[in-house]
Amino acid sequence: MASPIVDALDGIVGTGAPVVSVAPIELSAPGRPVPLEVRVSAPATGTNLPVVLFSHGNGWNLDGYAPLTAFWASRGFVVIQPTHLDSRRNGFGFDHPIFPTIWTERIADLTRILDQLDVMESAVPGLAGRIDRTRVAAAGHSWGGHTAQTLLGARIVDDAGHAGEDMSDRRITAGILFAATGLGGDHLHPFAQANFPFMHPSFQQLTTPTLVVAGDRDQSAMSSRGPDWFTDAYTHSPGATDLLTFYGAEHALGGIVGYEVAETTDENPERVAVIQRMSTAYLRTALHVDANSWPAARAAFSDSLDPIGRLDSR
């Protein structure tokens, strides 16, 4: 996608390299009602590769979000995508007995991945010995953003109003939240309150460095609040120090779920191209690949003569 801002960001994140992607890889998950399968995408060459865990939105699977995951892999990251239990491939609807526990199983899926990096190294040709396990980020979209933010330190508020147990993972040192669910409360619609009672986070304990990405036209079906609901992690957590808000963007943020998928109501290839590059620059700096990538990307984004969004930092 050629445009002045995309060209400027390409000068920061560089050109892509060939990628090897393998799926499905089955991991051990005792007690899980169906096997845990993941996709691993990695650059064909390079060593000391950082890891990005990506948690999909409701209903999706390990084959989604290629605009993000393939791009990150082509720029030097090992990207691992599970298929969570809520995937349409599994058929566990809201009325299924397993549904109330899916939010915790989502979190467990990502910790299982970190526990079994050896399995994935062995399953991907040529990957063994090339992963840097000290540099791990968690990212997610929508419900996947909720999953990721919990691993980054956000906690679930209980019925008494107290922040619940710490489900963070210290192996994860950075995060990116795409259209992640915000604070709970009376503004949640009855359907959300009944089916997603865990949608009540406290961000005060989210201290892990995090980038929040949101759209200024993303009106949730779960909340009566406006698009600012998806910026709560930035507003209320000490760790989320950067917020990218894209003008005209709805929940798919222009098409990060996949090119030409039906739920992309705001298709915008330029926006997706900018998100690809800005998120890559953030990961490069947050995971200690290049300290200058994110400052340079922030400057390029803010200096654009035809801005497609706003960047807030603190």
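What counts and how
- Residues numbered from 1 in each chain as written.
- Predicted model: local features only at pLDDT ≥ 70, side-chain atom pairs only at ≥ 80, totals over all residues.
- Heavy atoms only, no water.
- Pairing = 2+ DSSP bridges.
- Helix = DSSP H or I, 4+ residues; strand = E, 2+ residues; numbered from the N terminus.
- Axes fitted to C-alpha atoms, helices over the stretch in contact; angles between N-to-C directions.
- Contact = heavy atoms within 4.5 Å.
- Phe/Tyr/Trp six-rings, centres within 6.5 Å; stacked < 30°, edge-to-face > 60°.
- Buried < 20%, exposed > 50% of the residue type's maximum accessible area, 1.4 Å probe, protein only.
- Lys NZ or Arg CZ within 6 Å of the ring centre and 35° of its normal.
- Salt bridge = Lys/Arg side-chain N within 4 Å of Asp/Glu carboxyl O.

**Q** So, the sheet that holds strand β7 (residues 174-178): which residues are in play, and what are the values?
**A** Across the sheet, which stays open at both edges, the 9 strands sit in the order β1-β2-β4-β3-β5-β7-β9-β10-β11 with mixed pairing between neighbours. The sheet terminates laterally at β1 (19-27) and β11 (309-313), the two strands that pair on one side only. Within this sheet the neighbouring strands show an average axis-to-axis angle of 20°, counted without direction. Of the pairings in the sheet, the one linking strand β3 (residues 49-55) to strand β5 (residues 131-141) comprises 6 bridges and is parallel in character. Its bridge partner lying in β5, Val 51 is registered against Val 136. Contacts from helix α5 (residues 143-151) reach β3, β5 and β7, with the element oriented near 140° to β5.

**Q** Before we move on, can you summarise the packing of aromatic side chains with the specific residues and values?
**A** Counted by the stated rule, this structure contains 17 aromatic pairs. Ring geometry for Phe 94 against Phe 99: centres 4.9 Å apart, planes inclined by 75°, an arrangement best described as edge-to-face. By relative accessible area, Phe 99 is classed as buried at 5%. Members of the aromatic cluster, each reached through a chain of ring pairs, are Phe 94, Phe 99, Trp 103, Trp 143, Phe 191, Phe 196 and Phe 198. One cation-aromatic arrangement involves Arg 314 over Tyr 234; the distance from NZ or CZ to the ring centre is 4.3 Å.

**Q** Kindly report on the pattern of salt bridges, identifying the contributing residues and their values.
**A** Opposite charge on two side chains lets them pair, provided their charged atoms get close. Applying the stated criterion across every chain yields a total of 19 salt bridges. Notably, a salt bridge pairs Arg 277 with Asp 10, separated by 2.6 Å at the nearest N-O pair. Taken as a pair, Arg 277 in helix α8 (residues 269-286) and Asp 10 in helix α1 (residues 4-13) lie far apart in primary sequence, 267 residues in all. Judged by relative accessible area, which is 8%, Arg 277 ranks as buried. Judged by its relative accessible area of 25%, Asp 10 falls in the partly exposed class. Of the charged contacts in the structure, one is a salt bridge between Asp 232 and Arg 225, with a shortest N-O distance of 2.8 Å. Given the relative accessible area of 3%, Asp 232 is considered buried. When salt bridges that share partners are traced, they join Arg 32, Glu 105, Asp 109 and Arg 112 into one network.

**Q** Now, about unusual backbone geometry: what can you tell me, with residues and values included?
**A** With an omega of -10°, the peptide bond running from Ala 23 to Pro 24 counts as cis. Locating Pro 24 in the fold gives a position in strand β1. Of note, the phi angle at Leu 253 is positive, near 55°, even though the residue is not glycine. The topology assignment puts Leu 253 in the loop between β10 (240-246) and α8.

**Q** For helix α2 (residues 66-74), give the residues involved together with the corresponding values.
**A** Note on helix geometry: an α-helix contains 3.6 residues per turn, so any two residues three or four positions apart are oriented the same way. Of all 9 residues in α2, 7 are buried; the element is thus mostly enclosed. Looking at α2, one finds that the buried residues are Pro 67, Leu 68, Thr 69, Phe 71, Trp 72, Ala 73 and Ser 74. Looking one or two places after α2, you find Gly 76, whose phi comes out positive at around 110°.

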